[in-house]
Amino acid sequence: MADRILEKQHEHEREQERERLRKLEQQDLEVESKRGARPLEGFAGGHTTWTGDQDDQAAARVHAGDADAAREASERQARLEPAEPQSDDEDDSGLRRE
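Residues numbered from 1 in each chain as written. Predicted model: local features only at pLDDT ≥ 70, side-chain atom pairs only at ≥ 80, totals over all residues. Heavy atoms only, no water.

**Student:** Honestly, the overall build of the chain in this entry has me stumped. Any pointers?
**Tutor:** Secondary structure assignment for the chain yields three helices and zero strands. Helices and strands appear in the chain in the N-to-C order α-α-α. Relative to its full complement of 98 residues, the chain shows a buried share of 2%. Entry remark: accessible area of the chain is about 9,600 Å², with carbon and sulfur atoms responsible for 51%. (Helix = DSSP H or I, 4+ residues; strand = E, 2+ residues; numbered from the N terminus. Buried < 20%, exposed > 50% of the residue type's maximum accessible area, 1.4 Å probe, protein only. Areas by Shrake-Rupley, 256 points an atom, 1.4 Å probe, with all protein chains shown as cover.)

**Student:** What exactly am I supposed to notice about the pattern of salt bridges here?
**Tutor:** Once their charged atoms are close, side chains differing in charge can pair, the charge on each being opposite to the other. All told, the structure shown has seven salt bridges when counted by the stated rule. Linking Glu11 and Arg14 is a salt bridge whose minimum nitrogen-to-oxygen distance equals 3.0 Å. Remark: Arg14 and Glu11 occur in helix H1 (residues 2-33); sequence separation between them is three residues, near one turn of the helix. For Glu11, a relative accessible area of 36% translates into the label partly exposed. Here Arg71 makes a salt bridge to Asp68, at a shortest N to O gap of 3.0 Å. Residue Arg71 and its partner Asp68 are both found in helix H3 (residues 66-78); the two are separated by three residues, about one turn of the helix. Accessibility expressed as a relative area gives 45% for Asp68, which makes it partly exposed. (Salt bridge = Lys/Arg side-chain N within 4 Å of Asp/Glu carboxyl O.)

In structure tokens form, the structure reads like this:
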């Protein structure tokens, strides 16, 4: 008898948790469906002089070759070729040597 009550309680708690997760997932889907600038969490109301253009300019410099490098790495992986060392301090696996 006590086992059945405990089992019902656990099932009820699991159902509540599933419902909570469903609501969170629905909220995530609603947020992701909207395009636009996203403030950093915790800093949404903070004043800054940083502009979106600065982000775009920095990203263009830092990530300029990312697409080509990823494509080359994917093609190399598809052909099962070893990765080329990025520097003299790295071995064929791409890991730094001590």
